[in-house]
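Secondary and tertiary structure notes
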Amino acid sequence: MKRLVLALMAVFMIAGVASAQTTFNLNGQIRVYPEINNYGFGAVNYSADSKTTSFVDQRARLFFNLKSGDNIGGTVALEIDFRWGDAAYQTQRNRGGALGADTVNTEVKSSFLWFKPNNDLKLTLGMQTLTDDYKGIIFGGADMAGVRADYTISKDSSLLVGWFLLSDNSAATGTSDALWFLPISYSMKMGDNKLGLAYYRIQDGRPGNITAPGTKTYKSGTSTGAQINYLGANYAGKAGDISYSAFLVYNFGTIDKQTATSDADISAFAFNADAAMKLGSGKAKLALLYVSGDNSADFGFITGNQLSTGADLPLLQNDLYLTLRTLEDITHSTAVVPDVNNGDLGVTVLYATYDQNITDKLNIQAAVGYGKANENNTSNKKPGITEINAQAIYKLDKALTIKAALAYGILSDVKVGTKDADNLYRAMLKFQYAF
């Protein structure tokens with residue numbers, strides 16, 4: 001017995017030394033969002049006789065972070081989503097909200113390791129979240145597997161280079177059948193201002209049809225591949241009480257054999273500018289986003305939603321609730337403009353917001369926005385929406401935030417058969433616990 005006790009003490013001592021070298025941290029969030037709208041759950045279902053839909057959406061995200069010293073670490077992130085009452089006793093993602101729960105629905109969002117070979121270089125390998133330098137219009141908060149290198153050139157400049165494999169069947173087939181993404185991004189501080197330059201390359205070697213939800217066919221059955229490029233710059237700064245940012249990015253490339261005999265060209269650009277300033281006791285912001293479209297046999301601005309049959313990538317904004325997808329969306333992630341490709345019609349979005357702190361715990365915001373397609377659809381129309389919304393954010397505790405949001409959208413040139421579609425409304429109550 002004495003020997004057993006001594007052996008156990010030795011094991012615990014060794015484990016204690018190892019744990020002293022490696023630290024563990026758990027963080028994440030739990031969100032519960034009751035909602036009422038008149039267009040359903042999932043995609044926007046336009047109707048000339050719309051009905052009220054009500055549901056509760058819920059999400060939990062857990063980030064398990066490990067760190068051994070200052071130069072080595074890793075993260076595993078898990079996600080559990082469901083709509084109250086949806087299903088139980090299943091093996092399926094985004095389910096488990098019905099009586100009994102007991103559903104195998106845990107998703108792996110991230111799983112990566114990182115290390116620093118020296119003080120200036122950090123390498124991250126594995127499934128990780130990466131967005132673009134253009135407010136998420138290409139890859140809004142996307143999860144992708146690959147390697148990322150962040151290099152500090154100086155105290156005012158840095159470089160990011162990566163290689164990510166977005167889809168790959170070549171290991172099973174023995175032939176080239178992969179979709180990969182190469183980002184190169186340079187950032188430089190100039191006093192209070194910041195300049196960024198980026199080049200992205202997407203190489204799609206997958207043959208055959210790729211049809212993304214809500215868009216026309218990105219590749220036909222005869223397609224043998226695609227080469228997609230993005231070249232752009234972004235700038236952000238401050239002048240007195242005014243803070244501002246802008247970007248311009250050109251998207252170009254070719255889809256090989258889009259038909260049996262001809263290729264399709266990709267040629268589009270996106271521009272964004274916004275400015276914010278103090279106004280009275282609050283803050284006002286004005287933002288413009290323009291993304292060109294192409295309703296011919298060629299293609300407009302390509303986003304991650306065109307490259308995947310299940311992509312659901314939001315724009316990194318929380319100011320508009322009906323016009324654009326928001327960063328806070330859960331399984332119910334939808335909008336009149338699901339992404340800036342917008343079915344190859346492109347989009348112009350202009351909006352203004354005003355927010356003010358009422359107390360140290362309560363903030364209110366109002367917004368008015370306008371979004372419209374830049375090209376005619378098959379009905380020779382340019383569908384659009386004028387949105388008015390208001391939200392109030394209350395910090396019950398430093399870890400718990402409650403947000404109430406109400407949005408109303410006036411549609412234009414949106415038809416259901418020969419009738420005009422009903423205008424849209426959405427009301428939400430958001431409970432978010434972050435830890």
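Computed from a predicted structure; not experimentally measured. (Residues numbered from 1 in each chain as written. Predicted model: local features only at pLDDT ≥ 70, side-chain atom pairs only at ≥ 80, totals over all residues. Heavy atoms only, no water.)

Next up on the list: the overall build of the chain. Scanning the chain for helices and strands turns up three helices and 20 strands. The C-alpha radius of gyration computed for the chain amounts to 24 Å, which stays within 12% of the reference 22 Å derived for 435 residues, consistent with globular compactness. The C-alpha extent of the chain, read off along each of the three principal axes, is 90 × 55 × 55 Å. Each of the 435 residues in the chain was classed as buried or not, and the buried ones make up 41%. Long-range contacts, defined here as pairs at least 24 residues apart, represent 55% of the contacts in the chain between residues at least 6 apart. Surface exposure of the chain reaches about 21,800 Å², of which carbon and sulfur atoms provide 60%. Mean positive and mean negative side-chain charge positions of the chain (39 and 40 charges, respectively) differ by 5 Å. (Helix = DSSP H or I, 4+ residues; strand = E, 2+ residues; numbered from the N terminus. Rg over C-alpha atoms; globule rule 2.2 N^0.38 Å. Buried < 20%, exposed > 50% of the residue type's maximum accessible area, 1.4 Å probe, protein only. Contact = heavy atoms within 4.5 Å. Areas by Shrake-Rupley, 256 points an atom, 1.4 Å probe, with all protein chains shown as cover. Lys, Arg positive; Asp, Glu negative; His and termini not counted. Charge placed at Lys NZ, Arg CZ, Asp CG, Glu CD.)

Bridging between strand β1 (residues 22–37) and strand β2 (residues 53–68) involves 16 bridges; their strand directions are antiparallel. When the bridges of β2 are listed, isoleucine 30 appears paired with alanine 60. Across 12 bridges, the pairing between β2 and strand β3 (residues 72–83) is antiparallel. Bridge pairing links serine 68 to isoleucine 72 in β3. In sequence, β2 turns back onto β3 through a hairpin of three residues, with glycine 69 there showing a positive phi of about 70 degrees. (Pairing = 2+ DSSP bridges.)

The next subject is the packing of aromatic side chains. According to the stated counting rule, one finds 14 aromatic pairs in the structure shown. Ring geometry for phenylalanine 41 against phenylalanine 55: centres 4.8 Å apart, planes inclined by 90 degrees, an arrangement best described as edge-to-face. Of this pair, phenylalanine 41 sits in the loop between β1 and β2 while phenylalanine 55 sits in strand β2, placing them 14 residues apart in sequence. A residue is classified by how much of its surface remains accessible, and phenylalanine 55, at 8% relative accessible area, is buried. (Phe/Tyr/Trp six-rings, centres within 6.5 Å; stacked < 30°, edge-to-face > 60°.)

Take a nonpolar patch on the surface next. Residues Phe24, Leu26, Ile30, Leu66, Tyr433 and Phe435 make up a contiguous nonpolar surface patch of about 540 Å² in total accessible area. The dominant element in the nonpolar patch, judged by the number of residues it contributes, is β1, at three residues. (Patch = residues over 30% accessible without salt bridge, like charges linked within 9 Å, V, L, I, M, F, W, Y side chains within 5 Å. Salt bridge = Lys/Arg side-chain N within 4 Å of Asp/Glu carboxyl O.)

Once that is clear, we can look at the environment of tyrosine 218. Its location among the elements puts tyrosine 218 in the loop between β9 (193–204) and β10 (225–239). Leave out the neighbours within four places in its chain, and tyrosine 218 touches Asp204, Arg206, Ile210, Ala226, Ile228, Ile255, Gln258, Phe299, Ile302, Gln306 and Leu307. Within the structure, the side chain of tyrosine 218 is placed 3.3 Å from the side chain of aspartate 204, a separation counted as a polar contact. (Polar contact = N/O pair within 3.5 Å; in protein donor to acceptor, adjacent residues only side chain to side chain.)

Although it is not a glycine, asparagine 94 sits at a positive phi angle of roughly 60 degrees. Turning to its location among the elements, asparagine 94 is positioned in the loop between β3 and β4 (106–118). The backbone of aspartate 413 shows a phi angle near 60 degrees, a positive value even though the residue is not glycine. Examined against the element boundaries, aspartate 413 turns out to sit in the loop between β17 (400–412) and β18 (415–416). You can call aspartate 413 partly exposed: its relative accessible area is 34%.

Let's shift gears to the pairing of strand β6 (residues 142–154). Bridge analysis of strand β5 (residues 121–130) against β6 gives 10 bridges, and the strand direction is antiparallel. Counterpart to leucine 125 in the pairing with β6 is valine 147. For β6 and strand β7 (residues 157–168), the ladder comprises nine bridges, and the chain directions are antiparallel. Looking at the pairing, valine 147 lines up with tryptophan 163 of β7. Connecting the antiparallel pair β6 and β7 is a turn made up of two residues.

Along the chain, leucine 99 falls in the loop between β3 and β4. Under the relative-accessibility criterion, leucine 99 is labelled exposed at 81%. Between the C-alpha atom of leucine 99 and that of aspartate 86, which follows or precedes it by 13 residues, the distance is 8.9 Å. Those residues within four positions of leucine 99 in sequence are excluded, and the remaining contacts are Ala88 and Tyr89.

A word on empty space enclosed by the protein. By rolling a water-sized probe across the atoms, one finds the places where empty space is left. By the definition in use, this model includes three cavities of 30 Å³ or more. As a volume, the largest cavity reaches approximately 50 Å³. In this structure, the largest cavity is lined by Gly136, Ile137, Ile138, Gly140, Thr303, Gly304, Asn305, Leu313, Leu315, Pro338 and Asp339. Counted by class, the lining of the largest cavity contains five nonpolar, five polar and one charged residues. (1 Å grid on protein atoms, 1.4 Å probe; cavity = no way out; pocket = protein on both sides within 12 Å on 5 of 7 lines; lining within 4 Å. Points joined across faces, edges and corners; volume = space filled by probe spheres on them. Nonpolar A, V, L, I, M, F, W, Y, C, P; charged D, E, K, R; others polar.)

Here we come to the pattern of salt bridges. What the rule picks out here adds up to 18 salt bridges. Of the charged contacts, one joins arginine 426 and glutamate 35 as a salt bridge, the two residues approaching to 2.8 Å between their closest N and O atoms. Note that arginine 426 is positioned in strand β20 (residues 424–434) and glutamate 35 in strand β1, a separation of 391 residues in sequence. The same class applies to arginine 426 as to glutamate 35, namely buried. Salt bridges sharing partners connect three or more residues here, namely Arg59, Arg61, Glu79 and Asp81.

Before going further, it helps to examine the side chain of asparagine 234. Within the secondary structure, asparagine 234 is located in strand β10. Taking the relative accessible area as the measure of exposure, asparagine 234 reaches 18% and is therefore buried. In contact with asparagine 234, other than residues within four places in its own chain, are Asp133, Tyr134, Lys194, Leu195, Gly196, Ala246 and Phe247.

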